[in-house]
2 protein chains.
Amino acid sequence: MTELSLSLPVGPADIDAAAQVLAPFAVRTPLLSSPVLDEWAGTRVFLKPEMLQRTGSFKFRGAFNRMSSIPLSSRGGGVVAFSSGNHAQGVAAAARILNMTATIVMPSDAPLTKRERTRAYGAEVVLYDRGREDREAIARAIAGKRGATLVRPYDDPLVIAGQGTVGREIADDMAALALTPDIVVAPASGGGLVAGVATAIKARYPQAVLMSAEPEDFDDHARSLRSGKRQPHHGQGRTICDALMALVPGEITFAINSRLLTQGLIASDVEVAAAVGFAFRELKLVVEPGGAVGLAALLAGRIDSRGKNIVIVLSGGNVDADLHARLIG
Amino acid sequence: MTELSLSLPVGPADIDAAAQVLAPFAVRTPLLSSPVLDEWAGTRVFLKPEMLQRTGSFKFRGAFNRMSSIPLSSRGGGVVAFSSGNHAQGVAAAARILNMTATIVMPSDAPLTKRERTRAYGAEVVLYDRGREDREAIARAIAGKRGATLVRPYDDPLVIAGQGTVGREIADDMAALALTPDIVVAPASGGGLVAGVATAIKARYPQAVLMSAEPEDFDDHARSLRSGKRQPHHGQGRTICDALMALVPGEITFAINSRLLTQGLIASDVEVAAAVGFAFRELKLVVEPGGAVGLAALLAGRIDSRGKNIVIVLSGGNVDADLHARLIG
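All values derive from a computational prediction rather than experimental measurement.

On to the sheet that holds strand β8 (residues 261-267) of chain B. Residues and elements named next belong to chain B. Within the open sheet, the five strands sit side by side as β1-β9-β6-β7-β8. Their pairing is parallel. Either end of the sheet is taken by a strand with one partner, and the two such strands are β1 (44-49) and β8. For this sheet, the mean angle separating the axes of adjacent strands, direction not counted, is 25°. With five bridges joining them, strand β6 (residues 183-187) and strand β7 (residues 209-215) adopt parallel strand pairing. Within the sheet, the bridge partner assigned to alanine 186 lies in β7 and is serine 212.

With that out of the way, let us pick up the relation of the copies chain B and chain A. The two chain copies are connected by a rotation around an axis plus a translation along it. For the pair chain B and chain A, the best superposition has an RMSD of 0.0 Å and corresponds to a rotation of 180° with a translation of 0.0 Å parallel to the axis. What the superposition gives is, in effect, a two-fold axis relating one chain to the other. Relative to the rotation axis, the C-alpha of leucine 285 of chain B is the closest in chain B, positioned 2.4 Å from it. A high fraction, 96%, of the interface residues of chain B reappear at the interface in chain A, so the copies pair face to face through one surface.

Once that is clear, we can look at the pairing of strand β9 (residues 309-314) of chain B. Residue and element names in this part refer to chain B. Of all six residues making up β9, six are buried, and the element is well covered by its neighbours. Of the two faces of β9, the one carrying Asn309, Val311 and Val313 and the one carrying Ile310, Ile312 and Leu314 are both buried. Strand direction decides the pairing type here: β1 and β9, joined by six bridges, are parallel. Following the sheet pairing, lysine 48 is matched in β9 by valine 313. Of the strand pairs in this sheet, β6 and β9 are connected by three bridges, and their pairing is parallel. Opposite isoleucine 183, over in β9, you have isoleucine 310 as the bridge partner.

Leu295 and Ile312 of chain A together with Leu295 and Ile312 of chain B are the most contacted members of the largest nonpolar core, which has 82 residues in total. Once residues lying within four places of it in the same chain are set aside, the contact partners of isoleucine 312 of chain A are Val45, Phe46, Leu47, Lys48, Val185, Gly294, Leu295, Leu298 and Ile303 of chain A.

What counts and how
Residues numbered from 1 in each chain as written. Chains lettered and ligands numbered in written order. Predicted model: local features only at pLDDT ≥ 70, side-chain atom pairs only at ≥ 80, totals over all residues. Heavy atoms only, no water. Pairing = 2+ DSSP bridges. Helix = DSSP H or I, 4+ residues; strand = E, 2+ residues; numbered from the N terminus. Axes fitted to C-alpha atoms, helices over the stretch in contact; angles between N-to-C directions. Least-squares fit on C-alpha atoms with pLDDT ≥ 70 in both. Contact = heavy atoms within 4.5 Å. Buried < 20%, exposed > 50% of the residue type's maximum accessible area, 1.4 Å probe, protein only. Core = buried A, V, L, I, M, F, W, Y, C linked by side-chain atoms within 4.5 Å.

Have a look at this one:
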């Protein structure tokens with residue numbers, strides 16, 4: 001593993017450093033289990049509830065770790081980011097703590113709760129048309145004009161290291177239970193979360209099987225992992241998983257994921273809705289659709305988990321009340 | 001404290017024993033915190049999320065501890081209980097684990113989810129009219145006819161000791177954080193939960209201030225604690241807190257609570273609804289109205305908590321989807 005780590009863009013030491021940076025500000029989320037879910041799956045299932053994280057998703061971890069590295073002399077220009085909503089809140093909350101201004105480029109169809117919460121953290125929100133405009137170009141133009149630092153949502157080693165603290169905490173908590181995580185599943189859009197989690201888990205448990213989870217039409221990780229090369233997703237449509245609509249895996253994230261991940265799981269929107277409802281009824285957790293896609297794959301029977309300890313990352317809980325009500329109804 | 005404990009019907013040793021009995025079956029719920037809530041309250045707030053407990057409320061703890069004490073020779077007759085829904089599920093789930101039959105007497109207006117979940121655990125549900133029938137008499141008649149053991153919802157030392165494991169875990173987790181719980185708040189109906197929690201907390205932190213929380217029209221603990229004598233609640237009406245409609249504190253629970261509690265808090269249904277919505281939006285937890293009454297009192301500004309570490313027990317999360325949607329909308 002040491003040799004493997006050294007050859008990858010992010011290593012366990014980067015995640016240890018991120019954990020130090022995050023300790024005073026991030027929520028140390030617990031590892032949960034549910035007798036109903038264990039019984040249903042016929043095995044021991046552990047949930048990493050990142051909806052309990054500051055801002056309601058794991059994204060605060062990577063954003064804060066990255067932004068803490070901005071030299072004091074550059075902080076006056078603020079930060080700019082593009083995001084469908086969870087990275088937006090992570091960047092906005094980190095900016096407030098670090099006393100920086102933040103401008104977030106968000107799609108005009110992002111969930112209302114994500115837009116409102118981003119503004120509530122004090123960020124300026126610039127909306128763009130997802131179908132016709134290039135969010136990266138808009139963000140870069142703002143960065144150039146204002147001298148702001150661009151905080152990428154996933155393709156940045158410091159962002160990946162921050163998300164990796166999710167995996168580090170899972171490893172610590174499983175060790176405290178004297179259990180081995182046999183399978184670990186995390187949602188993937190650009191792939192930063194699963195790359196960080198895989199790096200942390202594989203460093204401690206080299207035999208663990210790591211899997212990404214995606215909406216079925218946004219299956220770029222599943223396709224890319226099968227072919228060994230970065231592939232766009234096959235679908236043209238929409239998904240209720242607004243957080244998981246990246247077209248293609250990140251370059252840096254895929255350099256990690258292509259080495260550490262075994263498989264890419266998918267789940268349909270109907271299966272995701274069932275998982276959101278299961279979380280409401282049985283787990284008493286509020287999970288947003290994109291955050292529930294790994295649980296959806298498990299509940300849909302797509303993971304051969306009999307006799308294995310399986311860990312599922314529930315990556316966020318920022319869902320509009322009316323959509324949540326429809327999904328659980 | 002030792003002298004005080006010896007004079008009360010339940011002591012810390014009873015709670016230690018209950019923790020042993022429960023360890024293989026109950027969920028060891030974590031202690032959560034939320035940066036948003038801390039900021040709002042201007043202090044450190046810790047939440048004990050008992051909606052994450054087996055059956056979705058703390059009630060499993062007391063029911064299982066009590067039922068484990070039934071001699072094997074008496075288990076063939078099964079158990080009978082009366083409950084508005086959470087004790088029902090606790091008894092039904094415990095009965096399934098202990099291989100006993102369970103009959104539950106429930107009000108016909110109990111939330112659908114509570115009736116369905118009680119049946120799903122394999123219990124027989126007998127409905128009664130809350131306004132016209134005596135649930136205790138119905139339960140006793142069933143007990144007599146079938147040789148079943150009556151499992152009381154709160155006025156039983158073994159039930160109180162089981163609920164006390166909630167307080168024992170809070171004390172352990174606060175100690176691990178090297179923090180003192182200055183104020184601890186738990187919802188009260190018959191008073192079993194808050195009596196058990198108070199017993200466990202006071203044994204370790206004699207200076208801690210313990211408070212019950214109730215719906216404003218169902219203020220029997222608030223009134224009884226003021227007068228020093230068991231008083232019925234003053235209201236005639238209804239409340240959305242279906243779990244907290246007891247008329248008067250229990251005898252055994254009040255023998256404890258009158259000694260260990262400082263004050264009884266109240267919250268209106270509007271305040272409780274706001275707390276359920278806050279839990280959805282900011283905490284990403286599903287809390288039922290009765291489970292949120294302590295949080296409601298905090299958010300309504302009824303607790304002078306500046307500079308103090310405050311612990312709030314969120315006692316359950318069994319709420320119908322349509323009511324939840326209305327409350328958070």
